[in-house]
Amino acid sequence: MGLEELKKKFKIEVLREGTAVSSKFRLRSGVFAFDVSTGGGFWIGRPTMVWGIRTGGKSTLLAKTISSFQKRCMRCWTRDCKCRSKLQGITVRLDTESDTNFDWYRSLGVNTDETIFQPYRMNTIEETLDVAHGVLEDERVGLLIIDTIAMGAEESELDPKHSVADSSHARRSQIITRWVRKMNQAIGRELNRDHYFVIVVVNQARANMQVTYGGGPTLMAPGAKALEHFCPFIIRLMPGNPIY
């Protein structure tokens, strides 16, 4: 079967020089050190994982990023919009920790009265990831935050007969891996119809139990290895230390 027949059968689009995907502006977080360290802020069109220990600055960074996004147009991704009509995007924040302090958010410049969609509580990790996959179909969504992927309980764990001793890291990894595959396809589909957005996956830190005698990193981000391949940018925040 020749190339032309393959392209027709599988509807393959060939990317040629001069027709590459247009590069949009980065979304600046409003935190100077972060924006400089990352070369301009969050990457538009690809996911970023932000992880670190408690009090590392993850929530502050997210609040400042939401505030920065609310001031920008989703068509040109600039604050000084010169479009005929400014397209105000929607922020979707999926909170699995249920500890959002909206008064603190407002003090950091976030408009909590509009253009922000946050369910009251995400019950399970499966529900959180399904919602994250579904909201991308709305072209008004420009910023998707999952905070955090480490805290959501599995559906089986909510069963009263379930024992904590029956929990398995392998099952959580399988759930996240399947979600990564679905999200990767969804991102490509949305970018093909010129729907640009920023995805931030927040993760926590866990002790690396495989390290012995100082032979490697003592901290690690929990979850599937597929999550690391899914996120081109992996940002580690530590209090009192540089951004990695």
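Up top you'll find the structure we're talking about.
The paragraphs below set out a description of the structure included in this document.

Take the overall build of the protein chain next. Helix and strand counts for the protein chain stand at seven helices and eight strands. For the protein chain, the residues scored as buried account for 41% of the 244 residues in total. Residue pairs at least 24 apart in sequence account for 69% of intrachain contacts in the protein chain once pairs closer than 6 positions are excluded. Surface summary for the protein chain: the accessible area is close to 14,400 Å², and the carbon and sulfur share equals 52%.

The strand order across the open sheet built from six strands is E3-E2-E4-E5-E1-E8, with neighbouring strands paired in parallel fashion. Bordering the open sheet on either side are strand E3 (116–117) and strand E8 (233–237), each of which pairs with just one other strand. Packing of helix H3 (residues 58–70) onto the sheet brings it into contact with strand E1 (47–52), strand E2 (90–95), E3, strand E4 (141–147), strand E5 (198–203) and E8, and relative to E4 it is tilted by some 170°. Packed on one face of the sheet, helix H5 (residues 125–135) meets E2 and E4 and runs near 170° to E4.

For H3, with 13 residues, the first-to-last C-alpha span of 19 Å sits near the 18 Å given by 1.5 Å per residue. H3 sits mainly inside the fold: ten of its 13 residues count as buried. Here H3 has its buried residues at Lys 58, Leu 61, Leu 62, Ala 63, Thr 65, Ile 66, Ser 67, Ser 68, Phe 69 and Gln 70.

About the cut-offs
- Residues numbered from 1 in each chain as written.
- Predicted model: local features only at pLDDT ≥ 70, side-chain atom pairs only at ≥ 80, totals over all residues.
- Heavy atoms only, no water.
- Helix = DSSP H or I, 4+ residues; strand = E, 2+ residues; numbered from the N terminus.
- Buried < 20%, exposed > 50% of the residue type's maximum accessible area, 1.4 Å probe, protein only.
- Contact = heavy atoms within 4.5 Å.
- Areas by Shrake-Rupley, 256 points an atom, 1.4 Å probe, with all protein chains shown as cover.
- Pairing = 2+ DSSP bridges.
- Axes fitted to C-alpha atoms, helices over the stretch in contact; angles between N-to-C directions.
- Expected span 1.5 Å × (residues − 1).

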